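Single-letter residue listing:
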Amino acid sequence: MLLLSRENIKQIFTMKDAIEADKTAFQLFSEDKTEVPLRTQIVSEKQNGSFLFMPSYVPDLDAAALKIINIFPDNIDKGLSSAPAQVLLVDGKTGYVNALLDGVTVTQFRTGAASGVAFDILGRKEAKKGALIGTGGQAAAQLEAMICARDLETVYVFDQNPERTKEFSGQMNEELKDYGTQILPASTSDEAISDADLIITVTPATSPVFDGSKVKAGATVSCVGSYQPHMQEMDPVILERASKIYFDSEEAVLSEAGDILIPLEDGTITKDDFTGDIGEVLMGKIGGRENDEEIIVFKTVGIGAQDLVTAQKIYERALEEKVGTELN
């Protein structure tokens, strides 16, 4: 079994690689070539956290995987990851565990890359400004995916904690300087989304974190943070204004995401407003953006196929580059 740390993975794998891996995962999922049971979730009210177990199997890749990821939002105040995780990659021919990968890094790559896929295939080609709301454990990868998918001039970042917003923006300017995008702190979410072509929300909020009426025509919005029925970071107004609404998996979203469940329940939208899964766009089964004025919403909660394909691609690259620690 190969042990792959965060440092090992970052040495050999890029966000561009992750976006391509997610494209493969989404298409395989929409082609019904994956077995991805809905994840098992155990909520810890005592610790304001959740334990998540995500299995997956892709026969075409002769691989299976199990990700254990535990969502503890309060960790950010302790200087810890809000989503500690590990991924077990299993040989589909023998049942042996091939690799144990740092799941935080895999999750950051594949979750960020989901927004990257959405922006790559649904975003306006001439997008120049981005907005990121939230600075938690997934935010850095979301930001990188955004500027990897489009050559943006500026991205405005907003978090309810002004000090964290400023610190995060400065850190990202340094870490992502090779992209040439200026990362700036915003004092309000209105300032962040003003004239933004691409918008990402990645928060555990239980009420909307932006004003949907102020989103410009032609924007693409990726909402990432809502993973429980009571969570709602997306303003339902944006769903009413949207020309198209896509998911990573409609079934998964409707099993847990308050961003969609709440406006469905109160009648703001109906299932007739849904366009489909993003893998269906990649297949050519349904259409994508048709003009530069359409507002497009992408809601993702994550599917196990993303973890499996990303982990498999990392593992293959690690074997090629002879990276990692072999555990006998």
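Given the structure is predicted, the values throughout are model-derived calculations rather than measurements. Throughout, residues of each chain are indexed from 1 in the direction in which the sequence is written. Only residues with pLDDT of at least 70 are given local features in this predicted model, and only at 80 or more are side-chain atom pairs given and counted; all residues enter the totals for whole chains, interfaces and linings. With hydrogens and water excluded, all non-hydrogen atoms of the structure serve as input to the side-chain values.

(A) Main features of the overall build of the protein chain. The numbering of helices and of strands both runs from the N terminus, where a helix is a DSSP run of H or I of at least 4 residues and a strand a run of E of at least 2. A tally of helices and strands in the protein chain yields 11 helices and 15 strands. Against the globule reference of 20 Å for 328 residues, the protein chain gives a C-alpha radius of gyration of 19 Å, in line with a compact fold. C-alpha atoms of the protein chain, sized along the principal axes, occupy 55 × 45 × 40 Å. Buried positions account for 55% of the 328 residues belonging to the protein chain. Calculation of accessible area relied on Shrake-Rupley with a 1.4 Å probe; when residues are assessed, cover is drawn exclusively from the protein chains displayed. In the structure as shown, the protein chain presents an accessible area of about 13900 Å², 47% of it carried by carbon and sulfur atoms. Charged residues are defined here as Lys and Arg on the positive side and Asp and Glu on the negative side; His and the ends of the chain fall outside this count. Every charge is mapped onto a representative atom, which is NZ of Lys, CZ of Arg, CG of Asp or CD of Glu. Side chains of the protein chain carry 30 positive and 53 negative charges; the gap between the two charge centres is 3 Å. Both definitions apply: the radius of gyration is a C-alpha atom measure, and the globule rule equals 2.2 Å times residues to the power 0.38. Accessibility here uses a 1.4 Å probe with only protein chains present; expressed as a share of the type maximum, an area under 20% marks a residue as buried, one over 50% as exposed, and anything in between as partly exposed.

(B) Representation of the packing of helix 2 (residues 15-30) against helix 3 (residues 103-122) in the model. At a minimum axis separation of 8 Å, helix 2 and helix 3 run at an interaxial angle of 80°. Comparing the axis directions of helix 2 and helix 3 gives the class roughly perpendicular. Mapping the contact onto sequence places M15, A18, I19, D22, K23 and F26 in helix 2 and F109, R110, G112, A113, A114, G116, V117, D120 and I121 in helix 3. By residue class, the composition of the contact of helix 2 with helix 3 is 9 nonpolar, 2 polar and 4 charged. Under this scheme, a helix contributes an axis fitted over its contacting stretch, all axes are lines through C-alpha atoms, and angles between N-to-C directions fall in the 0 to 180 degree range. Orientation categories follow fixed angle ranges, with anything under 35 degrees roughly parallel, anything over 145 roughly antiparallel, 65 to 115 roughly perpendicular, and all other angles oblique. Contact between two residues is taken to exist if any of their heavy atoms lie within 4.5 Å; hydrogens are not considered. Only Asp, Glu, Lys and Arg are considered charged in this grouping, and only Ala, Val, Leu, Ile, Met, Phe, Trp, Tyr, Cys and Pro are considered nonpolar; every other residue, Gly among them, is considered polar.

(C) Fine view of the sheet that holds strand 14 (residues 296-299). On the basis of which strands lie adjacent, the open sheet formed by 8 strands has the order 9-8-7-10-11-14-12-13 and parallel pairing. Two strands bound the open sheet, and with one partner strand each, they are strand 9 (182-185) and strand 13 (276-277). DSSP calls a pair of strands paired once it identifies at least 2 bridges connecting them.

(D) Just unusual backbone geometry, in detail. Positive phi, normally seen in glycine, also occurs at N48, with a value near 55°. As for its position among the elements, N48 is in the loop between strand 2 (40-44) and strand 3 (49-58). With phi around 65°, D195 is a residue other than glycine that occupies positive phi space. One can find D195 in the loop between helix 6 (189-193) and strand 10 (198-201).

(E) Quick peek at the side chain of S30. Here S30 lies in helix 2. Setting aside residues up to four positions removed in sequence, S30 forms contacts with D277, G279, E280 and M283.

(F) Just the layout of surface pockets, in detail. Grid points spaced at 1 Å and placed over the protein atoms alone form the basis of the search, with a cavity being a set where a 1.4 Å probe fits but cannot get out and a pocket an open set showing protein on both sides within 12 Å along at least five of seven lines. Lining residues have an atom within 4 Å of a point. Grid points are joined across faces, edges and corners, and a volume is the space filled by probe spheres set on the points. Roughly 1000 Å³ of volume is contained in the largest pocket. Lining the largest pocket are 48 residues, and of these P73, V202, T203, P204 and A205 sit closest to its centre. Contributions of two or more residues to the lining of the largest pocket are made by strand 2, strand 3, strand 4 (63-71) and helix 3. For the lining of the largest pocket, the class distribution of residues is 18 nonpolar, 22 polar and 8 charged. Quantified by volume, the second largest pocket comes out at close to 790 Å³. Along the walls of the second largest pocket sit 28 residues, with Q108, G137, A140, Q171 and M172 positioned nearest its centre.

(G) Seen up close, the sheet that holds strand 5 (residues 85-91). On the basis of which strands lie adjacent, the open sheet formed by 7 strands has the order 2-3-4-5-6-1-15 and mixed pairing. Sheet topology places strand 2 and strand 15 (325-326) at the edges, where each strand pairs with a single neighbour. Two strands pair when backbone bridges link them, and strand 4 and strand 5 are joined in this way by 7 bridges, in the antiparallel orientation. Residue L66 lies in a different strand from strand 5, and its bridge partner there is L88. Lying over the sheet, helix 11 (residues 304-321) contacts strand 1 (2-4), strand 3, strand 4, strand 5 and strand 6 (97-102), oriented at roughly 70° with respect to strand 3.

Function cannot be read off these values alone, since they describe shape.
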